[in-house]
Amino acid sequence: MKKQTVLITGANKGIGLETARQLANAGYHVFLGCRDKQKGNEAVGLLHGEGLNDVEFIQIDVVDDQSVQQAYDDLAKRIDHLDVLINNAGIPGSIPQPVLETPIETYKEVYEVNVFGVARVTKAFVPLMQASSNPRIVNVTSDLGSLGLHTDKTWRHYDVKTAAYGPSKSALNGYTIALAYELKNFKVNAVNPGYTKTDFNNNQGYKTVEEGAAPIVQYAMIDKDGPTGGYFSDYGVTPW
């Protein structure tokens, strides 16, 4: 397959779907990952209806070892290498999340998707990416994972503290640094789409999905001279 290839997890709606749309429009062959077969195929059908025919469905549940392995096996039968992995799948957990009142089960559920799910998918798909001439991994994070911003009382979201969600993204950021260090021939970055209006936050965001997806697409498309081990958004570097 001559086109650049990309796998996006959690891509049946919201920022993930818009990321798939923008990359397909940019000439990429997109593998749209979703755990629900019907929803995934509906999303693919939507993009096909827009004339974006280089989009295929891959069933993948990031919290299930067997599902992730099956997704890898399915993809490896279709392509000989993967250029880009976008770890987009994530959950907020029940909101609000006061630190002393949030059940431990909520912490476990959020970390299972936002941290362990990313590690699980990445570990599985790196072998297929090693054959790419310019492999890139984008871990979709949040500015709520920034310890620097959370300790800045002038930050617009200073009062938005979450027991599980924000810290899970902080952990994801730390994982990104370690992964970038280990994968010397990859470009690995954490990208913050910002407060985007989607179902994820009950449509409370001030950014459109087009705006939210834009920095993800930007860092998915970087060349061999691009950054690695960074934490970025559409305004540039996000403080750790």
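This is a predicted model, so every value here is computed, not measured.

Chemist: Got a minute to help me understand the side chain of Thr122 in this structure?
Modeler: Secondary-structure assignment places Thr122 in helix H4 (residues 104–129). A relative accessible area of 1% places Thr122 in the buried class. Within the local environment of Thr122, its side chain forms a polar contact with the side chain of Asn87, the two groups lying 3.1 Å apart. Excluding residues within four positions of it along the chain, Thr122 makes contact with Leu85, Asn87, Ile137, Tyr175 and Leu179.

Chemist: Teacher, can you tell me more about the packing of aromatic side chains here?
Modeler: Within a pair of aromatic rings, the relevant descriptors are the distance that separates the centres and the angle that separates the planes. Under the definition given, this model contains three aromatic pairs. Aromatic pair Tyr219 and Phe232: ring centres 4.5 Å apart, planes at 10°, arrangement stacked. Within this pair, whereas Tyr219 is found in helix H7 (residues 209–220), its partner Phe232 is found in strand S7 (residues 231–233), the two being separated by 13 residues in sequence. As far as burial versus exposure is concerned, Tyr219 and Phe232 are alike and both buried. A cation over an aromatic ring shows up here: Lys161 above the ring of Tyr158, its NZ or CZ 3.9 Å from the ring centre. Positioned above the aromatic ring of Tyr181, the side-chain terminus of Lys184 is 3.6 Å from the ring centre.

Thresholds, definitions, all that
Residues numbered from 1 in each chain as written. Predicted model: local features only at pLDDT ≥ 70, side-chain atom pairs only at ≥ 80, totals over all residues. Heavy atoms only, no water. Helix = DSSP H or I, 4+ residues; strand = E, 2+ residues; numbered from the N terminus. Buried < 20%, exposed > 50% of the residue type's maximum accessible area, 1.4 Å probe, protein only. Polar contact = N/O pair within 3.5 Å; in protein donor to acceptor, adjacent residues only side chain to side chain. Contact = heavy atoms within 4.5 Å. Phe/Tyr/Trp six-rings, centres within 6.5 Å; stacked < 30°, edge-to-face > 60°. Lys NZ or Arg CZ within 6 Å of the ring centre and 35° of its normal.

From the geometry alone we can't say anything about function, so treat these as descriptive.
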